[in-house]
Amino acid sequence: MTDQQVPSAPPGAAPPGAGRPADDGSAAAPPEEWSQAAFEDAFAKAEVEIGRFNLAVFGKTGVGKSTLVNAIFGEAVAATGIGRPVTMGSHLYVHRTGRLGIYDTQGLEVGRDTDRIVAELQRFIEHTRTLPFTEQVHLAWYCVRATDRRFEDTEAAFIRRLADLGLPVVLVLTQVPARRDSAGQLVVAPDVLALADLIGAQALPVHGGHPVLVNALADPFTGVEAHGLLDLLDATFRLAPQEATEALVAAQKIDPARKAAAAEKAVNTAAAAATAAGFTPIPFADAAILVPIQLGMMARIAAIYDIPVERATVASLAATTATTQGGRAAATGLLKLVPGIGTIAGGAITGSVAGSITFAVGHAWHRVCIGMAEGKYQTVAGTLDSRTIQRVFNEELAAGVRRRGLFGRR
Ligand SMILES: Nc1nc2c(ncn2[C@@H]2O[C@H](COP(=O)(O)OP(=O)(O)O)[C@@H](O)[C@H]2O)c(=O)[nH]1
Ligand SMILES: [Mg+2]
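Residues numbered from 1 in each chain as written. Chains lettered and ligands numbered in written order. Predicted model: local features only at pLDDT ≥ 70, side-chain atom pairs only at ≥ 80, totals over all residues.

**Q** So, the overall build of the protein: which residues are in play, and what are the values?
**A** Summing up its helical and strand segments, the protein has 14 helices and eleven strands in all. Taking contacts inside the protein between residues at least 6 apart in sequence as the whole, the part at least 24 apart equals 74%. (Helix = DSSP H or I, 4+ residues; strand = E, 2+ residues; numbered from the N terminus. Contact = placed C-beta atoms within 7 Å.)

As structure tokens, this is what we get:
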């Protein structure tokens, strides 16, 4: 007997099969095979669970709203155009990509058209109150260009009206000039600091009562670097409703630590589910019970890294296809590596082994997703390099399995 061998079920253990994913009666039975369709389904489910972060962006034309959105959420937002009106004839536009919705106004200016903007926004907010949370506007940025050196009363009034509508507001000073002093510290232009203090003195209903100072684009001519973007993201996280934060994690492109933490959480959740499922010893033939858990985990991690479903699907199939036995899924293929499982007829795995395997699969896939988000694993033709993905995944998986002592310990 090896130490991986399963004792008989503990007293009071759930009957066989009780650990299977709950049948909510909605969809077909969970997939037992790792297929393209199964991954796509899991991805769609992950997208629904993560939801969407909806940000409204206001401020005068040319202050740098679009540039700011691109700097934090990636170029895809601008590349795909200006969006569409939320309803016929509306000046409120929405633009959706991945886990993000951006709302802005077109053809109306704060100050001149404040009443109109507020009225359209109010109508929209009231309408979306009856809709799911992912359809609602979660937060607003109000942007003022620092180099304009002024903040108008009409802008203050507009911000107060946003707050009256129930929107959390982050006030942003954009295009803030700054330079490094001899000690490498960032020094902001004094007149901008004076403007920020002037605004801060107005006790506006905004994050911290004070504007966040940002420059979204480095300017090679003046030497002003990009700065303040993480401060703006942190302020946005602090004000965003809890239910929208995972979507914000997925949508943003500048804070990999937040993505890594969310992916880690997905791995832990799946490992716990696998442990619970394996608590009733899983007969070897039934190891497919782990497939839906691991599919869901992998889809969730891919969605957190905002990897398009097509690429995520191709990569997941590449990763989990064992080199020697085409089409074998990682979950079941891995069992062959565990002493006493693959070799003993009618053997079963314990919950802790199921959990450990899921951990190892999750960490290996997380590594692949980080690489894909960094633009790795591309062929010259721009397609995904399946063989490299497979190698990276298998190396990480083998390392994880070894660390957890899933190979024989003599
Ligand atoms: N150097 C620098 N230029 C910026 C910055 N933000 C915007 N710009 C420039 O200002 C102009 C207007 O920016 P845009 O984002 O289109 O403004 P919007 O009308 O508020 O969406 C563009 O030419 C941008 O390149 C910034 O942070 N730094
Ligand atoms: Mg714009």
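Once the structure has been displayed, the description carries forward.
**Q** Got a sec to walk through the pairing of strand 4 (residues 100-105)? Specific residues and values, please.
**A** Among the six residues that make up strand 4, six are buried, leaving the element largely enclosed by the rest of the structure. The sheet contact formed by strand 3 (residues 92-97) and strand 4 spans six bridges and is antiparallel. Paired with Thr97 across the two strands is Leu100, which belongs to strand 4. From the end of strand 3 to the start of strand 4, which pair antiparallel, there are two residues, and Gly98 there has a positive phi angle of about 50 degrees. (Buried ≥ 20, exposed ≤ 12 C-beta atoms within 10 Å, placed from the backbone. Pairing = 2+ DSSP bridges.)

**Q** Any chance you could break down the site of ligand 1 for me, citing the residues and the numbers?
**A** Around ligand 1 there are 14 residues in total, and Gly64, Lys65, Ser66, Thr67 and Ala216 lie nearest to it. When residues of the shell around ligand 1 are assigned to their parent elements, the largest contribution, three residues, is made by helix 2 (residues 65-73). In terms of residue class, the shell around ligand 1 is made up of three nonpolar, nine polar and two charged. (Near = placed C-beta within 6 Å. Nonpolar A, V, L, I, M, F, W, Y, C, P; charged D, E, K, R; others polar.)

**Q** Mind laying out the sheet that holds strand 9 (residues 212-213), listing which residues take part and the relevant values?
**A** Read across the open sheet, the seven strands follow the order 2-3-4-1-5-6-9; overall the sheet is mixed. The strands lining the two open edges of the sheet, one partner per strand, are strand 2 (84-85) and strand 9. Direction of pairing for strand 1 (residues 53-59) relative to strand 4: parallel, over a ladder of four bridges. Of the residues in strand 4, the one forming a bridge with Asn54 is Gly101.

**Q** Kindly report on the confidence of the model for the protein, identifying the contributing residues and their values.
**A** Mean pLDDT over the protein stands at 84; residues scoring 70 or higher make up 80%. Counting interchain partners and residues more than four positions distant, the pLDDT-below-50 stretch residues 1-27 has 30 contacts. (pLDDT = per-residue confidence, 0-100.)

**Q** Describe unusual backbone geometry, with residues and values.
**A** One non-glycine residue with positive phi stands out, namely Arg149, at about 60 degrees. Mapped onto the elements, Arg149 comes out in the loop between strand 5 (139-145) and helix 5 (153-164). Accessibility expressed as a C-beta count within 10 Å gives 13 for Arg149, which makes it partly exposed. Phi is positive for Ala203, which is not a glycine, with a value near 50 degrees.

**Q** Please provide a residue-by-residue account of the packing of helix 9 (residues 256-277) against helix 10 (residues 290-304), values included.
**A** Between helix 9 and helix 10, the least distance of the axes is 9 Å, while the angle of their chain directions is 175 degrees. It follows that helix 9 is roughly antiparallel to helix 10 by the angle criterion. Residue-level inspection shows Lys259, Ala262, Ala263, Ala266, Val267, Ala270, Ala273, Ala274 and Ala277 of helix 9 in contact with helix 10, the latter providing Leu290, Ile293, Gln294, Gly296, Met297, Arg300, Ile301 and Ile304. Partitioned by chemical class, the residues of the contact of helix 9 with helix 10 number 13 nonpolar, two polar and two charged. (Axes fitted to C-alpha atoms, helices over the stretch in contact; angles between N-to-C directions. Parallel < 35°, antiparallel > 145°, perpendicular 65-115°, else oblique.)

**Q** Before we move on, could you go through the packing of helix 10 against helix 13 (residues 351-373) and cite the residues and values that matter?
**A** For any two helices packed against each other, the geometry is given by the interaxial angle and the distance between the axes. Viewed as axis vectors pointing N to C, helix 10 and helix 13 meet at an angle of 25 degrees, and their least axial separation amounts to 10 Å. By the angle between their directions, the pair helix 10 and helix 13 is classed as roughly parallel. Here the hand of the crossing between helix 10 and helix 13 comes out right-handed. The segment helix 10 lies against helix 13, with Leu290, Ile293, Gln294, Met297, Met298, Ile301 and Ala302 engaging Ala354, Thr358, Val361, Gly362, Trp365, His366 and Cys369. (Left-handed = near helix turned anticlockwise from the far one by under 90°.)

**Q** Go over the pairing of strand 3, please, and point to the residues and values.
**A** Pairing of strand 2 with strand 3, which is carried by two bridges, proceeds in the antiparallel orientation. Bridge pairing in strand 3 links Pro85 to Tyr93. The loop that links strand 2 with its antiparallel partner strand 3 comprises six residues; one of these, Gly89, has a positive phi angle of about 80 degrees.

**Q** Explain the environment of Leu213 residue by residue, including any values.
**A** Structurally, the position occupied by Leu213 is in strand 9. Judged by the 22 C-beta atoms lying within 10 Å of it, Leu213 is buried. A C-alpha to C-alpha distance of 8.8 Å links Leu213 and Val188, two positions 25 residues apart in sequence. When sequence neighbours within four positions are dropped, the list of residues in contact with Leu213 reads Leu173, Val176, Val188, Val192, Ala196 and Gly228.

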